[in-house]
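Given next are the chains, with one letter for each unit.
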Amino acid sequence: YRVSYTLSKARNNVGEAFISGPNDPFDLSKDWGRSDSDQRHRLVANGSVHTSMEPASTAWERLSHGFQVSGILQTYSAVPFNITSGVTTLQGTTGRPLVNGAFITRNAGESTPFFSLGLRMSRSVPIGGASRLELLAEVFNLTNHLNVVARNTNFGSGAYPASPSATFGQVTAVGDPRSCQFGARVRF
C-alpha cells in the first residue's frame, strides 16, 4: 500500500496557459493571485493484496490460489479558474470583470473537486510448465463520480457579481464515466 497527501498553495502573477497575458503589462501586481495549478489538497492511496503462488495444500488455498486485488483512490480539491468578461483589454489580453473600476482578482473562480476510485481483480492460473494465464477485470471511476474538466468561465458584460451571463459556470467537459475492461494475458 501507499498513501500520499500534498498540502500546497501557489500564487503568481501570470497564467500558465499559452495565450494568457497580464491585463496591464506595466503593473503585474494587478495580476497577482492564485496560480492556475493552485490545488490545496491532493490525496492518492493505492494498495494491492495477493495470495501466494506456492502450491496449495487445502481446498481454500486452491480456491484462492493466485488472486490479486488492487485499487487506487484519487481525490483533489478544486483548482481555480480565471473569470473573464468577454472583452479585450488595450493590450489584447482577455479582460476580467470590473468592480469599482478595477479588475477582479485573477483566478477568482473555483472549479469542482475531483474524486476517482479504481479497482483491479486478477487471477493467475498455471497452464503448463512455467506458463501461466492471468485473467483480469478492471473498473475505472467505480463510483461514477462526475468529474468536471472544463466550464464556461466567461461572466459576460453584466455587473459583477450580480448579473452573470446565462451560461457562466456551465460545465462544458467532464471526465470519463465508470468504465470496465476485461482481459487475459499469457506469461511464458
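Before reading on, note that the structure itself is shown above.
Sequence order sets the numbering: in each chain, residues are counted from 1 along the sequence as written. Confidence filtering applies because this is a predicted model: local features only for residues at pLDDT of at least 70, side-chain atom pairs given and counted only at 80 or more, and all residues used for totals across whole chains, interfaces and linings. The side-chain figures draw on all heavy atoms in the structure; neither hydrogens nor water molecules are used.

### Quick word on the overall build of the protein
What counts here: Comment: elements are numbered from the N terminus, with helices defined as DSSP H or I runs of at least four residues and strands as E runs of at least two. Throughout, exposure labels follow a simple rule: accessible area from a 1.4 Å probe, protein chains only, divided by the maximum for the residue type, with under 20% read as buried, over 50% as exposed, and the rest as partly exposed. Note on contacts: a residue pair is in contact if any heavy atoms of the two residues lie within 4.5 Å. Areas reported as accessible are Shrake-Rupley estimates using a 1.4 Å probe. Residue values count occlusion only from the protein chains shown.
Counting its regular elements, the protein contains one helix and 14 strands. Burial analysis of the protein (188 residues in total) assigns 27% to the buried set. Sequence separation of 24 or more characterises 65% of the internal contacts of the protein that already satisfy a separation of 6 or more. Roughly 12,000 Å² of accessible area belongs to the protein as shown, and the carbon and sulfur atoms make up 60% of that amount.

### Focus: the pattern of salt bridges
Basically, it comes down to this: We count a salt bridge whenever a side-chain nitrogen from Lys or Arg sits within 4 Å of a carboxyl oxygen from Asp or Glu.
Counted by the stated rule, this structure contains nine salt bridges. In this structure, R34 engages E110 in a salt bridge whose closest nitrogen and oxygen atoms are separated by 2.9 Å. Within this pair, whereas R34 is found in strand 3 (residues 33–34), its partner E110 is found in strand 9 (residues 109–110), the two being separated by 76 residues in sequence. Between R40 and D38 there is a salt bridge, with the nearest N and O atoms lying 2.9 Å from each other. One salt-bridge network, held together by shared partners, links R120, E134, E138, R185 and R187.

### Regarding the pairing of strand 11 (residues 131–140)
Convention followed: For two strands to count as paired, DSSP must find a minimum of two bridges between them.
Sheet analysis places strand 10 (residues 114–128) next to strand 11, joined by nine bridges and oriented antiparallel. From the neighbouring strand, S122 faces strand 11, where its bridge partner is L136. As consecutive antiparallel partners, strand 10 and strand 11 are separated by two residues, and within that stretch G129 has a phi angle of approximately 60°, a positive value. Pairing of strand 11 with strand 14 (residues 179–187) involves nine bridges; the strand directions are antiparallel.

### Some details on the pairing of strand 10
The pairing of strand 5 (residues 67–76) with strand 10 spans ten bridges and is antiparallel. Each bridged residue has a counterpart across the sheet, and for Q74 the counterpart in strand 10 is S116.

### Remarks on the side chain of Q39
Within the fold, Q39 resides in the loop between strand 3 and strand 4 (41–50). Note on Q39: relative accessible area 14%, which makes it buried. Excluding residues that lie within four positions of it along the chain, Q39 makes contacts with S8, Y76, S77 and V79.

### Details of the packing of aromatic side chains
Condition: A pair of aromatic rings is counted whenever rings of Phe, Tyr or Trp (Trp by its six-membered ring) have centres within 6.5 Å, and the orientation is called stacked for planes under 30 degrees apart, edge-to-face for over 60 and tilted otherwise. Our definition puts a charge over a ring when NZ of Lys or CZ of Arg is within 6 Å of the ring centre and also within 35 degrees of the ring normal.
Enumeration over the complete set of coordinates arrives at three aromatic pairs. Residues Y76 and F114 carry aromatic rings whose centres are separated by 4.9 Å and whose planes lie at 15° to one another, so their mutual orientation is stacked. Placement of Y76 in strand 5 and of F114 in strand 10 is noted, with a sequence separation of 38 residues between them. Note on F114: relative accessible area 28%, which makes it partly exposed. A ring pair is formed by F155 and Y160, whose centres lie 4.9 Å apart and whose planes are at 65°; its orientation type is edge-to-face. Relative accessible area serves as the criterion here: at 2%, F155 is assigned to the buried category. Through pairs of rings, three or more aromatic residues link up here, namely F155, Y160 and F168. Across the ring face of Y76, the terminal group of R42 is positioned such that the distance to the ring centre comes to 3.8 Å.

### Some points on the sheet that holds strand 5
Each strand in a sheet pairs with another by means of backbone hydrogen bonds, the pair being arranged parallel or else antiparallel. The cut-off we apply is this: All axes are obtained by fitting lines to C-alpha atoms, using only the stretch in contact for helices, and the reported angles, taken between N-to-C directions, cover 0 to 180 degrees.
Reading across the sheet, the six strands line up as 1-4-5-10-11-14 and stay open at both edges, with antiparallel pairing between neighbours. The open sheet is flanked by strand 1 (2–7) and strand 14, the only strands paired with a single partner. Adjacent strand axes in the sheet meet at a mean angle of 10°, parallel and antiparallel pairs treated alike. Here strand 1 pairs with strand 4 via six bridges, running antiparallel. Opposite Y5, over in strand 4, you have L43 as the bridge partner.

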